[in-house]
Amino acid sequence: MTQAHAVRITAPGGPEVLSLDTIEVREPGPTEVLIEIAAAGVNRADCLQRKGVYPAPPGVVADVPGLEFAGHVAKVGSEVRTRKVGDKVMAICGGGALATHIVMHERELVPVPVGIDLVHAAAIPEVFMTAFDALFVQAGIGLGSTALIHAIGSGIGTAALQLVQAAGGTAIGTSRQAEKLERVKALGLVHGIVTGDAKFAERVGELTGGRYADAILDTVGASYLAENIKAVAPGGTIVTIGLLGGAKGELPLGLLVGKRASLRGSVLRSRPLEAKIALAHRFTQAVLPLFAHG
């Protein structure tokens, strides 16, 4: 066992329920590595877990939040072949990243991009891997595709914008605040829509010459459901990854069927190990080189 310091949730509630404690982290198995964490990201999911409304999946430490990190490999299992002690790595995990040490399967890890320090690297996995998986793996967008990205000013939103642009696509971003749209213009956003009234489909149609969006990355959920169906292109895909606007909504099935569109729900945290490994591999191959170019 390794003695580690960790941020622990002592009871559901506000930030006052967090404490800094000493925990024991198990030894890595044959295909696992022990990572000494240099930095960890803090995401909305961590706040929801602290409040008691987003529990860790089975098999994951229940009282230590943290879904992404960067650090050094400190110890490797007997059958590890792809990592060695001292390697700089980053990853998404099911929880436990707000600690000084964590154990992960060797193939879940992604190398830290050249030229990026560990603190900045720790903020990459959750937003960039989520956006990449939703838009490119699940929705299958490619060169020339149009993506509608809700909450464009969020971490996932800004990551998705940059990925779409890097792939030669067109991004349309929404936000309830015009000020956020102005700030995101610094990342190259051209088409922004203020959605104070939760209406955006008509404007998406205007911006695309009536083609609408090949893919929609939805972090809002129920309150945007009907408009999403209107705004998606025939044969397009809506990927819902958040429910900030509610979990239950009315689905216009006739329009969905008529457009031959797909509606998918997605979460990375509770996926099986092999699915996480597959995403880490695809992300390493497709996205990691982009960071070397800014």
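Scroll up to find the structure this text is about.
The rules behind the values
Residues numbered from 1 in each chain as written. Predicted model: local features only at pLDDT ≥ 70, side-chain atom pairs only at ≥ 80, totals over all residues. Heavy atoms only, no water. Helix = DSSP H or I, 4+ residues; strand = E, 2+ residues; numbered from the N terminus. Buried < 20%, exposed > 50% of the residue type's maximum accessible area, 1.4 Å probe, protein only. Contact = heavy atoms within 4.5 Å. Areas by Shrake-Rupley, 256 points an atom, 1.4 Å probe, with all protein chains shown as cover. Lys, Arg positive; Asp, Glu negative; His and termini not counted. Charge placed at Lys NZ, Arg CZ, Asp CG, Glu CD. Core = buried A, V, L, I, M, F, W, Y, C linked by side-chain atoms within 4.5 Å. Salt bridge = Lys/Arg side-chain N within 4 Å of Asp/Glu carboxyl O. Pairing = 2+ DSSP bridges. Polar contact = N/O pair within 3.5 Å; in protein donor to acceptor, adjacent residues only side chain to side chain. Axes fitted to C-alpha atoms, helices over the stretch in contact; angles between N-to-C directions. Parallel < 35°, antiparallel > 145°, perpendicular 65-115°, else oblique. Left-handed = near helix turned anticlockwise from the far one by under 90°. Nonpolar A, V, L, I, M, F, W, Y, C, P; charged D, E, K, R; others polar.

J.: I keep staring at the overall build of the chain and nothing clicks. Help me out?
T.: When you go through the chain residue by residue, the secondary structure sums to ten helices and 13 strands. If one aligns the C-alpha atoms of the chain with their principal axes, the spans along those axes are about 60 × 40 × 35 Å. Here the chain holds 294 residues, and 50% of them are scored as buried. Considering only intrachain contacts with a sequence separation of at least 6, the fraction spanning at least 24 residues in the chain is 66%. Counting only carbon and sulfur atoms, one obtains 56% of the accessible surface of the chain, whose full area is about 13,700 Å². The centroid of the 27 positive side-chain charges in the chain is displaced by 4 Å from the centroid of its 26 negative side-chain charges.

J.: Before we go on, may I ask you to explain the nonpolar core in this structure?
T.: In a soluble, globular protein the nonpolar side chains are often hidden away together inside. Counting 43 residues, the largest nonpolar core has Met90, Phe128, Leu135, Ile141, Ile149 and Phe283 as its most contacted members. Residue contributions to this core peak at eight residues, all from helix α3 (residues 125–138). For Phe283, the residues in contact, after removing those within four places along its chain, are Met90, Val110, Ile124, Phe128, Met129, Phe132, Leu288 and Phe291.

J.: Would you mind showing me how to read the pattern of salt bridges here?
T.: Where charged atoms from two side chains of opposite charge approach closely, those side chains can pair. Taken as a whole, this structure holds eleven salt bridges when the rule is applied. Between Glu27 and Lys75 there is a salt bridge, with its nearest N and O atoms 2.9 Å apart. Highlighted residues: Glu27 in the loop between β2 (18–25) and β3 (32–40) and Lys75 in strand β4 (residues 68–76), separated in sequence by 48 residues. Overall, Glu27 belongs to the partly exposed group, its relative accessible area being 33%. Judged by relative accessible area, which is 34%, Lys75 ranks as partly exposed. A salt bridge links Glu227 to Lys199, with the nearest nitrogen and oxygen atoms 4.0 Å apart. Of this pair, Glu227 sits in helix α7 (residues 225–231) while Lys199 sits in the loop between β10 (191–194) and α6 (201–207), and the two are 28 residues apart along the sequence. For Lys199, a relative accessible area of 48% translates into the label partly exposed.

J.: Even after reading the chapter, I still don't get the sheet that holds β4, so can you show me in this structure?
T.: To summarise the sheet geometry, strands pair through backbone hydrogen bonds and adopt either a parallel or an antiparallel arrangement. Across the sheet, which stays open at both edges, the five strands sit in the order β6-β3-β4-β5-β7 with antiparallel pairing between neighbours. On the outer flanks of this sheet lie β6 (101–105) and β7 (110–111), each paired with one strand and no other. Examined bridge by bridge, strand β5 (residues 88–92) and β7 share two bridges and lie antiparallel to one another. Of the residues in β7, the one forming a bridge with Val89 is Pro111.

J.: Any chance you could explain the side chain of His150 here in plain terms?
T.: Structurally, His150 is set in the loop between β8 (146–149) and α4 (155–166). Residue class for His150 comes out buried when judged on its relative accessible area of 1%. Within the structure, His150 has its side chain in polar contact with the side chain of Asn228 (distance 2.8 Å). When residues no more than four places from it in sequence are discounted, the contact partners of His150 are Thr174, Phe200, Ile216, Leu217, Asp218, Thr219, Val220, Tyr224 and Asn228.

J.: Got a minute to help me understand α3 in this structure?
T.: Note that an α-helix has 3.6 residues per turn; residues three or four places apart therefore point the same way. Most of α3 is tucked away: 13 of the 14 residues are buried. Once α3 finishes, Gly140 follows within two positions and takes phi at roughly 70°, a positive value.

J.: Help me out: how do you make sense of the packing of α3 against α4 in this one?
T.: Describing two packed helices takes the angle between their axes plus the distance from one axis to the other. In contact at an axis separation of 8 Å, α3 and α4 are set at 55° when each is read in the N-to-C sense. Judged on the interaxial angle alone, α4 and α3 are oblique. Considering only the axes of α3 and α4, their crossing is right-handed. Along the contact surface, α3 presents Val127, Phe128, Thr130, Ala131, Phe132, Leu135 and Phe136, while α4 presents Gly155, Ile156, Ala159, Ala160, Gln162, Leu163 and Val164.

J.: In this structure, what is going on with the packing of α3 against helix α9 (residues 273–286)? I would like to understand it.
T.: Look at α3 against α9: their axes get within 11 Å of each other, and the N-to-C directions meet at 90°. With respect to α9, the element α3 is oriented roughly perpendicular. Of the residues in α9, those in contact with Phe128, Met129, Phe132, Asp133 and Val137 of α3 are Leu279, Ala280, Arg282, Phe283 and Ala286. Here the contact of α3 with α9 is composed, by residue class, of eight nonpolar, no polar and two charged.

J.: So what exactly am I meant to see when it comes to the sheet that holds β8 here?
T.: Pairing is parallel in the open sheet, where six strands are placed in the order β10-β9-β8-β11-β12-β13. Of all the strands in the sheet, just β10 and β13 (262–265) have a single pairing partner and so form its edges. If you compare each strand with its neighbour and ignore which way they point, the axes differ by 15° on average. One ladder, built from four bridges, connects strand β12 (residues 232–240) with β13; its direction is parallel. Directly across from Thr240, in β13, lies its bridge partner Gly265. Along the sheet face, α3 touches β8, β11 (213–218), β12 and β13 and points at about 155° away from the line of β11.

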